[in-house]
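Observations on the three-dimensional arrangement
What follows is the residue order along each chain.
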Amino acid sequence: MSQATSVPIAGSRPYRAPATRRSRSATSGLRWPVLVLFLPPALLLFTIFVVLPMGEAAWYSFYNWSGYGLPTQWVGFKNYGFVFANSAFRQALINNGLIIVISVLVQVPLALWLATMVTSKISGAVGFRLIFFLPYVLADVAAGMIWRFVYDGDFGLVAGIAHLFNVDSIYPIADKNLAIYAILGVVVWKYFGFHMMLFIAGLQAIDKQVLEAAEIDGATPRQKFFHVTLPLLGSTVRLSIFFAIVGSLQLFDMVMPLTGGGPFNATQTMVTFLYSFGVMRMQVGFGSAVGVILFIICVTMAFGYKRIFMKND
Amino acid sequence: MKFTPSRVLRHSMAIAFSALLVGAAATNVLAVDTIKWMHLENNPDNLKVWQDIAAAYEKAHPDVKIEFQFLENEAFKAKLPTLLQSNDAPSMFYTWGGGVLLEQSKTGAIRDITAAMDADGGAWRNTIAPAAVDGLSIDGKVWAAPYQSGVVSFFYNKDLFKKAGVDGDSIKTWDDFIAAVNKLKAAGVTPIAVGGGDKWPVHFYWSYLAMRIAGKDGFADAKAGKNGGFAGDAFVKASQDLADLGKLDPFQKGYAGATWPDEQAAFADGRAAIMLAFQDTAISQVHAATDGKGLAADNIGRFPFPLVTGGKGVITDDFGGLNGWVVTKNAPPETEDFLKFLTNVDNERAQAKVIGIIPTTKGAEDAVTNPSVALAAAQMAKATWHQNFLDQDLGPAVGRVVNDMSMAIVSGQASPQDAVQQIEQAYEQGN
């Protein structure tokens, strides 16, 4: 379970970086006592709850260990071999990739489009802003359970629709070819509101005079969007994509009640894989190896993305 | 790790609280031992039975307090390893026996209760069915106090069977069963309800088929790695039979994503005719039904898992659960005595009456009132072999592979040969 804490680091590290930079420039005026007084608590908490569990997970990953007693059976890199040889893990990797692609290509543009709609002065825009944001407010587990009902081919919404058209009901989450798309649908539905909110904030920060100037110069709405709004929104878009990627890698809470990674591991993500194959099977060593791999992927992605796309933000 | 901050908080609160108590304790000379009882029971009626028993014990032993701790099933499995190694370990907790109990026994986190069982010339041991004590013993040491057991068998909807012209009582062999499935299908009835998404309901089929074909000795040989282990001929044949059943498409629609409650509901609503399930199905199906009523009690028939022609198993070989209470290393010394009290005839009777358990204490079986549970109890009384659920017996790692493979076989996702090969590999890897 230590991975549950190690994962968010990928997201939180980038914020630490500017913080340290700022404090370094500010320390010149401050005295050491302040540092001595205020740094240790934060450092201690960070060490106990973040650094140590990560180190422990890395250490466990070299043992064949059930979680009981102390790990004694050293197996070297064998656990990592088992992880990569596991077809369910490979499926989880593919699924995580797919979730990232859909998040970036469907969810973010959709959120941007809706954000431009609800920031324009149509009546009811504020109401829609709220409605679009609602799914994001919902707890992930609750969303999973709601959609489990929607996708239920016996009594759910899908069954009702099928009944209406007098066709045989379908069972999206029982079909291994359909299930992942069912999950993707829920992912987009659940999180587009969050990205939309980011974009709304970004749009509101854009100076209206710039848009007016473009208008006076005879720019069409389309030109205004692609040549004025979008470039000015660049940093928000990059941030939004960053959140989409990190969020996709961590997807777990919603999948568990919805499909539990099934049928036939078709909807396994890396974190559900870690939980089902590491924790539930009492293969803590194996699970730790998955956690370490997940951590490396998260950190590489997060830092890589920051370096390449967000260096000027 | 997620729980740690709250634990820190709890600890600091506990420290503050105990500081307050120091003053009070000064006047209270009597030391009180607290037995922390960790259970998975979320039905308040059932819990009441235990609370009454605990209250009776506390009354007779003023120096003992019993505290109930509840964890949800899956949360319990996930948290227990950490819990056992912490200072928050319960004094006694629920067990399914099998491979998990074996792992726990190796760690020194739990206490062997053999001495308590055998004290006073075996005063406690002699009150309990020997098979139950054996089932929770490892290498001659008793690691848990048994209190209930069960057997899995087929339950069917008599009306639907009549509609299809099938006689449930005449199903004696697997071929009879397959013929019944075909007849039900021809009559437009969904033959079987199964929770394929949860997988373990499907593992009942694979396990029983393997038991019927390999027999008791064949199973023991497989565990010992003889005759190809779990990849041996008997297990390939069992898998093949299961694959053939799957090819008939006998399950309710969407079974691959269905959960155990879905399976129960499909049976209780009369949407499917057969279910392979626990002894208390006639009771539990009522709550699972969409209308809250379920099938009428006299509409539910029951037959043991049929024999496979040419197989080595016999009809009195049972497959089912066996549950008990494990005592932890630092539990108060009175814990064993309380367990002895909990499992005495009167208290087992009380549990049988309300909770519907099949008691493991001798002489308590007369309190089983439900006719369908009584039938199961009678079958168990004649058992020649009681095999624990494989997903418990073989330990969580191998057990879940058995569940995965059972589902893969029945749905045609894996060939019988590949599936048993994977089970055998997981077994070898774990032993």
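Another aspect to go through is the overall build of chain B. Of the regular secondary structure elements, chain B holds 18 helices and 14 strands. Relative to the 2.2 N^0.38 estimate, which gives 22 Å for 431 residues, the radius of gyration of chain B is 23 Å and therefore close to what a compact globule would have. Principal-axis analysis of the C-alpha atoms gives chain B an extent of 80 × 50 × 45 Å. Of all 431 residues assigned to chain B, the portion counted as buried reaches 48%.

Turning next to the sheet that holds strand β9 (residues 274-277) of chain B. All names here are of chain B. Taken in spatial order, the three strands of this open sheet run β9-β8-β10, and their pairing is antiparallel. Edge positions in the open sheet fall to β9 and β10 (300-303), since each of these has one partner strand only. Strand-to-strand twist of the sheet, defined as the mean angle between neighbouring strand axes without regard to direction, takes the value 30 degrees. Sheet analysis places strand β8 (residues 153-157) next to β9, joined by four bridges and oriented antiparallel. Following the sheet pairing, F155 is matched in β9 by M275.

Turning to the pairing of strand β12 (residues 322-328) of chain B, a few remarks are in order. All names here are of chain B. In terms of residue burial, β12 counts as a mostly covered element, since six of its seven residues are buried. Pairing of strand β3 (residues 92-95) with β12 involves four bridges; the strand directions are antiparallel. Along β12, the bridge assignment pairs F93 with V326. Examined bridge by bridge, strand β4 (residues 110-111) and β12 share two bridges and lie antiparallel to one another. Looking across to β12, one finds that I110 is bridged to T328. Bridging between strand β7 (residues 145-149) and β12 involves four bridges; their strand directions are antiparallel. Within the sheet, the bridge partner assigned to S149 lies in β12 and is L322.

Right, let's talk about the interface of chain B and chain A for a bit. In this assembly, 23 residues from chain B lie in contact with 25 residues from chain A. Looking at the side of chain B that touches chain A, the elements that each hand over two or more residues are α3 (73-84), α4 (98-107) and α17 (395-410) of chain B.

Residues and elements named next belong to chain B. Looking at chain B, the domain boundaries give domain 1 (1-30), domain 2 (31-143 + 323-380) and domain 3 (153-319 + 388-430). Computed from C-alpha atoms alone, the centre-to-centre distance between domain 2 and domain 3 is 29 Å. In this complex, domain 2 contributes 17 residues to the contact, which on the side of domain 3 involves 17 residues. Breaking the side of domain 2 that touches domain 3 down by element, the ones donating at least two residues are α4 and α15 (371-381). With six residues, the single largest contributor to the side of domain 2 that touches domain 3 is α15. Residue classes in the side of domain 2 that touches domain 3 are distributed as eight nonpolar, eight polar and one charged.

For the rest of this paragraph, the subject is the packing of α4(B) against α17(B). Residues and elements named next belong to chain B. Two elements in contact, α4 and α17, have axes whose closest approach is 7 Å; the angle formed by their N-to-C orientations is 160 degrees. Judged on the interaxial angle alone, α17 and α4 are roughly antiparallel. By crossing handedness, the relation of α4 to α17 is classed as right-handed. Counted together, G98, G99, V100, L102 and E103 of α4 and G395, P396 and G399 of α17 form the full contact between these two elements.

Residue and element names in this part refer to chain A. Axis separation between helix α4 (residues 87-119) and helix α8 (residues 179-204) bottoms out at 6 Å; the angle between their running directions is 45 degrees. Judged by the angle between their axes, α4 and α8 are oblique. The crossing of α4 and α8 is right-handed. Taken together, the residues of the contact of α4 with α8 break down into 21 nonpolar, seven polar and no charged.

The subject of this paragraph is unusual backbone geometry. Leaving glycine out, the prevailing phi sign among residues is negative, and the prevailing peptide bond configuration is trans. Cis geometry is adopted by the peptide bond preceding P263(A), which originates at G262(A) and carries an omega value of -10 degrees. Note that P263(A) resides in the loop between α12 (255-258) and α13 (270-279). Phi at M282(A) takes a positive value of approximately 50 degrees, unusual for a residue other than glycine. Take M282(A): there are 25 C-beta atoms within 10 Å of it, and that puts it in the buried class. Residue K199(B) is not a glycine yet carries a positive backbone phi of 70 degrees.

About the cut-offs
Residues numbered from 1 in each chain as written. Chains lettered and ligands numbered in written order. Predicted model: local features only at pLDDT ≥ 70, side-chain atom pairs only at ≥ 80, totals over all residues. Helix = DSSP H or I, 4+ residues; strand = E, 2+ residues; numbered from the N terminus. Rg over C-alpha atoms; globule rule 2.2 N^0.38 Å. Buried ≥ 20, exposed ≤ 12 C-beta atoms within 10 Å, placed from the backbone. Pairing = 2+ DSSP bridges. Axes fitted to C-alpha atoms, helices over the stretch in contact; angles between N-to-C directions. Contact = placed C-beta atoms within 7 Å. Domains from an automatic or database assignment. Nonpolar A, V, L, I, M, F, W, Y, C, P; charged D, E, K, R; others polar. Parallel < 35°, antiparallel > 145°, perpendicular 65-115°, else oblique. Left-handed = near helix turned anticlockwise from the far one by under 90°.

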